[in-house]
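Residue-level structure breakdown
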Amino acid sequence: MEIFSGILSGFQIILQPVNFLYCFIGVFIGTLIGVLPGIGPVGTMSILLPVTFGISPVTGVIMLAGIYYGAMYGGSTTSILVNIPGEAASVVTCLDGYQMAKQGRAGPALGISAMGSFIGGTFSLIGLMFLVYTLSEFALRFGPPEYFALMCLGITTVAYLARGSLLKATIMAVLGLILGCVGTDIISGKLRFDFGISGLADGIGLVPLAMGLFGISEVLTNIEKPLKRMIYETKIRNILPNGDDWKKSTGPIVRGSLIGFLLGILPGGGSILSSFVSYSVEKKISKHPETFGHGAIEGVAGPETANNAATGGAFVPLLALGIPSNVIMAILLGALLIHGVTPGPLMIREHPGIFWGVIASMYIGNAMLLLLNLPFIGLWVRLLKVPYGVLFPLILLFTLIGSYSNSNSVFDIFLMIFFGVVGYVLRKYGYEEAPLLLAFILGPMLEQAFRQSMVMSNGKLSIFFTRPISAIGLTLSIALFASTGLNVFRKTRNKVT
Amino acid sequence: MVLGISISIYSKTLKLGKLASPGPGLMPFLLGLTLSIFSVLVVARSLLSAQKEKGLHEEGIWFQVDIKKIVLVTGSLIMYALLLEKIGFVITTLVILLILFRAVGSQKWSSVLVSSILTVLFTYLVFVIILKVELPYGFLGRVGW
Amino acid sequence: MKQKRKRMWILGLTVGIGVLIYLNSAIAADYPTKPIEYICPFGAGGPTSLANRIMAEKLSQLLGQPVVVINKPGAGGAIAAAFIARAKPDGYTIGDVTSAGNGVTLALRPDVTYKNSDFELLGQYGTHFLAMAVKEDAPWKTVRDLAEYAKKNPGVLKYGSSGVGSATQLCMELFKLTAGKLAIDHIPFKSGPEITAALLGGHIHTGTFTWGTVKAVYDAKKIRVLALSIPVEELPGIPTFAQAGYPEVNLTAYYGTAAPKGLPREILNKLRDACAKTFQDPKTREAFRNIGLTPDYKTPEEFSKFMEDRIMVYKRIGSEANITLD
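Nothing here was measured: the structure is a model prediction, and the numbers come from that model.

**A word on the overall build of chain A**
Helix and strand counts for chain A come out as 20 helices and two strands. Along the first, second and third principal axes, the C-alpha set of chain A runs to 70 × 60 × 50 Å. With 497 residues in all, chain A has 67% of them scored as buried. Here the contacts in chain A between residues at least 6 apart in sequence split such that 79% fall between residues at least 24 apart. Roughly 16400 Å² of accessible area belongs to chain A as shown, and the carbon and sulfur atoms make up 71% of that amount. Of the charged side chains in chain A, 30 are positive and 22 negative; the average position of the first set lies 10 Å away from that of the second.

So, in structure tokens, the structure goes:
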């Protein structure tokens, strides 16, 4: 029952006007940068870090945390409206969310996404509260072999994202893997495929790639025909999701919360997986898998819930062990350390105020975000009615600014343009960009995990099967791969005969 | 047409990775190999279906495509990238907006000017002031913001 | 008439030059008149970026103009270093010099576009010492234990590092060399937190960590620190490598500030002065300590010599342990 007294004290803290205010500021800024493509929470959080020097640690962390999950909420907005993923986790939302927007159903998409995010976020918070320490022990059991298995699972799901030709999607995935090899090899330190360009020494940036491939190519695709025959249905049907939408979304939301939370606790990349594992799961168990990729609301509900649930999960290693699970957590860690607070098992004992205050603030923050985002749905939907001739320069401008502000490098802008054109051409031939992006993200992690495992096992492949978690993961991947392969085989056999 | 794309992908795969043995070259090599296999499949498939549909004239995917616009947009984006750090954010943005709104979006001059200026002001406000993002000054220094 | 005109020219020119000289020094005297860019060689959110932002606060106060941190990560610090080296020496672009970009990279990478002589040093501000750690329940209580075990069981132990060429790798390699060419396999990770997680999970046996990464788990008593690379006053109970019998293992990751070469004397002095004050300011030092950075001020001259020494050491480790970055 210590937990309840703790959370109660936490609420007392958050309800203090100062903290409440900063929570709101954080959440607001977070949503703003989430909506703007390219600028991510990392940059903003570190820029605003000095602001936290002058205020108490609780308040500072509350604000920074607010920025983080605010950005998660906002990221889905651009994915749905203009097919530009706000960050890696929102890529999947582009698939069905944007299709829904094209069908005039942007409102329901946004609405479900907001609700799902709220439920996912809250769920993961509850999980966080009660299971923080047990989960952290579990998370530690994931070493390189386990990550390898996880990434394998992830890669096999990538094919599931295809809405068209599976073969072409696979090619895109392989291309994505190849692009992921560009840069400094993590294990040997050697440069690969950099062609001597210093801008490529660290590989192709995710932001330029995503914004080029999704955003710019989308714009190019849209303007190639005379603007009068333009996209968005002017007849926007509903602003809010209807009863049918809700019914369809309940399952995905529940499953998404679980998937997201569990994957989010894994240090280093778990949260990215959450959204597309959720998507693949929903597609697999759906009775109408062919609707996916063409505006199935389950394809929005599940992943959006998952990626917000993953946010809560990401706090687990930080709060329980003092290990940040991604760069954003690292900034929070830094902020805490600067104030002299060491997160970890001792934090609850020594600084219960901060621990519970932050958790309570996340509840309030989630609620704030819901209230903030819902009214805006009407606004966003109306935005879509703006003639494309006016809209697209703004979209392009934001991608330009976003890409530059991400890395302060003009080279990245060139990269983005390059991928924009390439993406445009590829699209015309029926190649989809989502598999490429996801493979691009997973590829290096997969390779790294594999080679690390090889060092661990002194070259024996058996290591993957002697450890329970990785064995399970790999068997699942193989099974999934086999079943997809079988399906394709059957289909082609039918076609030919 | 599908052929064209496949072939270009295929030729890309000819660049093999560096030395194999769980070193940096293994993955690229395997991937290159996989890619070639798949591209061959795609080529094969399109050949097969082309044979079936002989006689049907597909509307080429490049039909009715306004290439001019594409080139213009791409060109102006490239120009933006080149000039951004030299002339600074404000001017470059203004220029590109004028081009995009007018030449590609076919808006009237009056609304083009107004919207371009408004946008520049708006983005400056949001990005530089609220979000404290660093946008380049260019040689005009403080004058050009 | 020609004579007169010529004289007018000479007079005009002299006056003109005089005005320019005056203006130049006036400008220098008024430096800085606009914000100064501070280039950080690592990503926003990393410990170096944090340290930079802490310093920037104080520097802004002292210089009277905002000091804005701009992250230009990549290539182990080389991108930022190259950028600083090539920037206009007008005092408005300064940035970090680090053991990574200006030490290891120069020592081990074959085709670097800058040299340390391209920089005008302003002073060192801190170092990261390295701590060799094992899990709390590991069987080794001292460094010797570990070394003995490694000798008897070559190829069994694995250590983690935060990347090829990082201080975490070089320190361990140096230890392996001096302890008798131990066979402990290297598993690179992408970042400090990843190695910590791997250590706690039992996936690697040991590693030499920078303090910021393991401070939290050390306080929580989840790890045991066997040795430190240099004496640390906050950790009196732990021996240094030297005390444990390996005096050569005294590596640290170092961080300082520099401007491109060619600064006008006045501006250079102003900057050096501001840096000296900032790096020795108690509050700044306190903040550094909190994020695991050991405040350690060195004057530009000391720093320069130190860097040269270090490059020699890195070169040696690189060749003997067969580490190259290309």
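**A short note on the packing of aromatic side chains**
All names here are of chain C. A complete count under the given rule lists 19 aromatic pairs over all chains for this structure. Ring centres of tyrosine 125 and phenylalanine 279 lie 5.2 Å apart, and the angle between their planes is 50 degrees; this geometry places the pair in the tilted category. On the criterion of sequence distance, the pair formed by tyrosine 125 in strand 4 (residues 119-135) and phenylalanine 279 in helix 9 (residues 265-280) is long-range, its members being 154 residues apart. With a relative accessible area of 0%, tyrosine 125 lands in the buried category. Among the aromatic residues, those joined into a ring-pair cluster are Tyr125, Tyr255, Phe279, Phe288 and Tyr297. In this structure, lysine 72 packs its charged tip against the face of phenylalanine 83, placed 4.5 Å from the ring centre. One Lys or Arg, lysine 298, reaches over the ring of phenylalanine 306 and ends 4.0 Å from the middle of that ring.

**A few points about the pattern of salt bridges**
By the definition in use, this model includes 14 salt bridges over all chains. Note that glutamate 146 of chain A and arginine 467 of chain A form a salt bridge whose closest N and O atoms lie 2.9 Å from each other. One end of the pair, glutamate 146 of chain A, is in helix 7 (residues 144-160); the other, arginine 467 of chain A, is in the loop between helix 19 (463-466) and helix 20 (468-496), and 321 residues separate them in sequence. Residue glutamate 146 of chain A is classed as buried on the basis of its relative accessible area of 4%. In this structure, glutamate 248 of chain C engages arginine 316 of chain C in a salt bridge whose closest nitrogen and oxygen atoms are separated by 3.1 Å. Linking glutamate 248 of chain C in the loop between strand 8 (223-228) and strand 9 (252-260) with arginine 316 of chain C in helix 11 (residues 300-320), this pair joins segments that are 68 residues apart in sequence. Exposure remark for arginine 316 of chain C: the relative accessible area of 35% places this residue in the partly exposed category. Each of Glu218, Arg427 and Glu433 of chain A takes part in a single network of salt bridges with overlapping partners.

**Let's talk about helix 18 (residues 433-456) of chain A**
Residues and elements named next belong to chain A. Between its first and last C-alpha, helix 18 extends 35 Å over 24 residues, near the 34 Å set by a 1.5 Å rise per residue. Of all the bends found along helix 18, the most pronounced is centred on leucine 442 and spans about 30 degrees, while proline 444, a proline, follows it within four residues. Buried residues dominate helix 18, accounting for 21 of its 24 residues. A positive backbone phi angle near 55 degrees is found at asparagine 458, which sits one or two residues after helix 18.

**As for unusual backbone geometry**
Residue and element names in this part refer to chain C. Its identity as a non-glycine residue notwithstanding, lysine 181 has a phi of 50 degrees, on the positive side. As for its position among the elements, lysine 181 is in the loop between helix 6 (167-178) and strand 6 (185-188). Assessed through its relative accessible area of 63%, lysine 181 is described here as exposed.

**Remarks on the packing of helix 6 (residues 106-140) of chain A against helix 15 (residues 352-383) of chain A**
Axes are the key here: two packed helices are described by the angle between their axes and the distance separating the axes. Residues and elements named next belong to chain A. Close contact between helix 6 and helix 15 brings their axes to 9 Å; oriented N to C, the two are set at 175 degrees. Looking at the two axes, helix 6 sits roughly antiparallel to helix 15. Of the residues that constitute the contact of helix 6 with helix 15, the class distribution is 19 nonpolar, seven polar and no charged.

**As for the nonpolar core**
If you look at the biggest cluster of nonpolar residues, it comprises 176 residues, and the most contacted ones within it are Leu128, Ile204, Leu209, Phe315 and Ile359 of chain A together with Tyr125 of chain C. Ranked by residues supplied to this core, first place goes to helix 18 of chain A with 13 residues. In this structure, this core is formed jointly by two domains, domain 2 (31-127 + 254-321) and domain 3 (129-228) of chain C, each of which donates at least three residues. Setting aside residues no more than four positions away along its own chain, leucine 209 of chain A makes contact with Leu179, Ile204, Phe214, Phe419, Leu436, Leu437 and Phe440 of chain A. Counting residues in each nonpolar core, the second largest holds 53 residues, with Ile39, Val97, Met132 and Leu170 of chain C among its members.

**With respect to helix 4 (residues 100-108) of chain C**
Helix 4 of chain C sits mainly inside the fold: eight of its nine residues count as buried. Elements that come into contact with the buried residues of helix 4 of chain C comprise helix 3 (78-86), strand 3 (93-98), strand 4, helix 6, strand 9 and helix 11 of chain C.

**Description of the domain arrangement of chain C**
Residue and element names in this part refer to chain C. Assigned domains within chain C: domain 1 (1-30), domain 2 (31-127 + 254-321) and domain 3 (129-228). Each of domain 2 and domain 3 has a C-alpha centre, and the two are 28 Å apart. Taken together, the two surfaces of domain 2 and domain 3 that pack against each other cover about 890 Å², and 69% of this comes from carbon and sulfur. Of all residues in domain 2, Gly292, Ile317 and Glu320 bury the most surface against domain 3, accounting for 40% of the area lost on that side. On the surface where domain 2 and domain 3 come into contact, there are zero salt bridges. Across the contact surface, domain 2 and domain 3 share zero residue pairs in polar contact (both at pLDDT 80 or more). At the level of elements, helix 10 (282-290) and helix 11 are the ones that each hand at least two residues to the side of domain 2 that touches domain 3. Element by element, the count of residues in the side of domain 2 that touches domain 3 is highest for helix 11, at four residues. Here the residues of the side of domain 2 that touches domain 3 are counted per class, giving five nonpolar, four polar and three charged.

**Digging into the pairing of strand 1 (residues 36-40) of chain C**
All names here are of chain C. Burial of strand 1 is extensive: four of the five residues sit out of reach of the surface. Relative to strand 2 (residues 67-71), strand 1 runs parallel, the two being bridged by five bridges. Bridge pairing in strand 2 links isoleucine 39 to isoleucine 70. In this sheet, strand 3 lies alongside strand 1 in parallel orientation, the contact comprising three bridges. By the bridge assignment for strand 3, glutamate 37 is matched with threonine 93.

**Quick notes on the confidence of the model for chain A**
The predicted coordinates should not be examined in detail at positions where pLDDT is low. Residue and element names in this part refer to chain A. Averaged over all residues, the pLDDT of chain A is 78; the fraction at 70 or higher stands at 90%. Taking the mean pLDDT of every element in chain A, the minimum, 68, falls on strand 2 (residues 191-192) and the maximum, 84, on helix 17 (residues 410-428). Counting contacts from residues 228-236, a segment whose pLDDT is below 50, to residues more than four positions away or on other chains yields 22 contacts.

**Let's talk about the environment of methionine 115 of chain A**
As for its position among the elements, methionine 115 of chain A is in helix 6. If we ignore the near neighbours within four places in the chain, the residues touching methionine 115 of chain A are Trp246 and Leu370 of chain A.

Thresholds applied
Starting afresh in each chain, residues are numbered from 1 along the sequence in its written order. By the order in which they are written, chains take letters starting at A while ligands take numbers starting at 1. For a predicted model such as this one, the threshold for reporting local features is a pLDDT of at least 70, and the threshold for listing and counting side-chain atom pairs is 80 or more; totals across whole chains, interfaces and linings nevertheless cover every residue. Hydrogens are left out, water is left out, and the side-chain values use all remaining heavy atoms of the structure. Going along the chain from the N terminus, every DSSP run of H or I of four or more residues is numbered as a helix, and every run of E of two or more is numbered as a strand. Only protein chains enter the area calculation, which uses a 1.4 Å probe; residues under 20% of their type maximum are buried, those over 50% are exposed, and those in between are partly exposed. Throughout, a residue-residue contact means that at least one pair of heavy atoms, one from each residue, lies within 4.5 Å. For accessible areas, the Shrake-Rupley method is used with a probe of radius 1.4 Å. Any residue's cover is judged against the shown protein chains and nothing else. Lys and Arg are tallied as positive, Asp and Glu as negative. Neither His nor the chain termini are counted. In plain terms, the charge of a residue is placed at NZ if it is Lys, CZ if Arg, CG if Asp and CD if Glu. Paired rings are identified among Phe, Tyr and Trp, the last through its six-membered ring, by centres lying within 6.5 Å, and are further divided according to the angle between planes into stacked (under 30 degrees), edge-to-face (over 60) and tilted (the rest). A ring has a charge above it when a Lys NZ or an Arg CZ is no more than 6 Å from the ring centre and no more than 35 degrees off the ring normal. In the sections that follow, a salt bridge refers to a side-chain nitrogen of Lys or Arg positioned within 4 Å of a carboxyl oxygen of Asp or Glu. Expected helix span is computed as 1.5 Å times (number of residues minus one). The bend at a residue is defined as the angle formed between two axes, one fitted to the seven residues ending at that residue and one fitted to the seven starting there. Note on method: axes are straight lines fitted to C-alpha atoms, helices fitted across the in-contact stretch only, with angles between N-to-C directions ranging 0 to 180 degrees. Here the word oblique covers every angle except those under 35 degrees (roughly parallel), over 145 (roughly antiparallel) and from 65 to 115 (roughly perpendicular). Only Asp, Glu, Lys and Arg are considered charged in this grouping, and only Ala, Val, Leu, Ile, Met, Phe, Trp, Tyr, Cys and Pro are considered nonpolar; every other residue, Gly among them, is considered polar. Throughout, nonpolar core names a set of buried Ala, Val, Leu, Ile, Met, Phe, Trp, Tyr and Cys residues whose side chains join them through atoms within 4.5 Å. For the domain bounds, the source is a domain assignment made automatically or taken from a database. Computed with a 1.4 Å rolling probe, the buried area is the accessible surface lost when two parts are put together, summed over both parts. Identification of polar contacts relies on pairs of N or O atoms within 3.5 Å, with a donor-acceptor requirement for protein atoms, meaning one able to donate a hydrogen and the other able to accept it, and with residues adjacent in sequence counted only if both atoms are side-chain atoms. We treat two strands as partners when DSSP finds at least two bridges between them. What pLDDT reports is the predictor's confidence in each residue, on a scale of 0 through 100.

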